[in-house]
Amino acid sequence: MSSPTTVQRDKYVDWLRALSLIVVVVWHWAFTILQWKDGVPEPTSPLGFTSGLWILTWLLQVLPLFFYVGGHVHLLSWDRAKRRGTGIGAFVWRRIRALAIPALGLSGVWIAIGALVTWAFDVEWMGRVVLLVLSPLWFLAVYLVLIALLPVALYLHREYDVLTLVWLGGAALVVDVIRFRYDVEWIGWLNMLIVWGLAHQAGFFYDRLVALPRRYDVGVLWTGLFALVGLVYSGIYPGSMVGVPGDKWSNMAPPTFVIVALLIFQIGLVEVLRPSMERVLVKPGWSRVNDVINRFALPLFLFHTTGMAIAIGLSWWLFGSLTPQVPPDLWWWLERPIAIIGPLICTLPVIYLFGRRRTPAEQLQDKS
């Protein structure tokens, strides 16, 4: 007989968490254009050369969803740990350690490789390569900070409930006003904590949102969509939810109030889609697919840029330096499904060698 935890497990949450990581991986593999500028590799995006394509980022920039689901999972895990008698300090430390150790290990290996190659072969641009490989880990650093602040987040949720979301949203908006109206650029970095903290805190309300009638889900979706349209077409914010060369600034680095609107839109969207996806995920075949994706989603994310770097290095070694056409032509777009094959093939052995132990994703699920 299945355990109560297994029966009550929300497969849709697992699906959303894994899917959000895989979308980031596929985006990096398929849509990164690597150019050489001033003797160093420099990534760029096709969004800067294709009019109107930025609208896809409203669906494909899924980090708000990842933080939202993460908040829900942390609240559930803490409730279970508390019933077992675990203290909040031990709980937070265990989760930080589970995520930080593999990330720090990967960073240490790449820094060592970069230093060795630079010293042995005088490759001045190797440091840039290491930075590009490790740069996607930035959001894990923010995630770790939010885990460390979990006692504060739980206190605010317990004492002030939904007011916490209102205050965080207001703070994010005030930061943007000061940044853009008074040209105080540095203050924007406060939103790295405020905006992602809001997304994480919103996950504490997951069960309440699920319990609402379906018409409220549609209302949340349209609220977020109207907010996105209004903010983007105000002329203040770029339309893309990722950094695009040529934009006056990025909505992601640091995040702007637009990401709050994106979060609301995506929460509404996933709730509208919930009934259909839940019917799919209970089917045996899809259930197994969901389990496999969840098992390997985080290792895939951790090592995907390593696999991409290996694939590019092998391509240069076998075929010489390939300079992509900018702006990309029709053939480049037709090749996008094929473009993920090389990095995937090169990433799988890395996962096999270094990700076969019980993964952080599995540890963080707290199935016991």
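Preceding this section is the structure that the text describes.
On a predicted model such as this, the values are computed, not experimentally measured, just so you know. (Residues numbered from 1 in each chain as written. Predicted model: local features only at pLDDT ≥ 70, side-chain atom pairs only at ≥ 80, totals over all residues. Heavy atoms only, no water.)

Caption draft 1: View of helix H7 (residues 138-148). Residues of H7 that are buried include every one of Phe139, Leu140, Val142, Tyr143, Leu144, Leu146 and Ile147, and no others. Looking at the buried side of H7, the elements it contacts are helix H2 (11-31), helix H4 (63-83), helix H5 (88-121), helix H8 (150-160), helix H10 (191-202) and helix H14 (284-319). (Buried < 20%, exposed > 50% of the residue type's maximum accessible area, 1.4 Å probe, protein only. Helix = DSSP H or I, 4+ residues; strand = E, 2+ residues; numbered from the N terminus. Contact = heavy atoms within 4.5 Å.)

Caption draft 2: Molecular detail of the pairing of strand E1 (residues 33-37). Judged from the five bridges that link them, E1 and strand E2 (residues 40-44) form a sheet pairing that is antiparallel. Paired with Ile33 across the two strands is Thr44, which belongs to E2. (Pairing = 2+ DSSP bridges.)

Caption draft 3: Spatial organisation of the layout of surface pockets. The volume enclosed by the largest pocket comes to roughly 1400 Å³. Along its surface, the largest pocket is lined by 48 residues, and His28, Pro43, Leu132, Ser135 and Pro136 are the ones closest to its centre. Of all the secondary structure elements, the ones that give two or more residues to the lining of the largest pocket are H2, E1, E2, H5, helix H6 (126-134), H7 and H14. Here the element with the most residues in the lining of the largest pocket is H14; it accounts for eight residues. The residue inventory of the lining of the largest pocket, partitioned by class, reads 36 nonpolar, 10 polar and two charged. (1 Å grid on protein atoms, 1.4 Å probe; cavity = no way out; pocket = protein on both sides within 12 Å on 5 of 7 lines; lining within 4 Å. Points joined across faces, edges and corners; volume = space filled by probe spheres on them. Nonpolar A, V, L, I, M, F, W, Y, C, P; charged D, E, K, R; others polar.)

Caption draft 4: Structural view of H6. Taken together, the buried positions of H6 are Met126, Val129, Val130, Val133 and Leu134. For H6, the angular spread of buried residues about the axis comes to 120°, placing them on one side. Buried positions along H6 lie against E2, H5, H7 and H14. (Arc of directions from axis to C-beta.)

Caption draft 5: Fine view of the side chain of Arg179. Relative to the elements of secondary structure, Arg179 occurs in helix H9 (residues 163-181). Among the residues examined, Arg179 registers a relative accessible area of 2% and is labelled buried. Leaving out residues up to four positions away in the same chain, Arg179 has contacts with Val184, Glu185, Ile187, Gly188, Trp249, Pro254 and Thr256.

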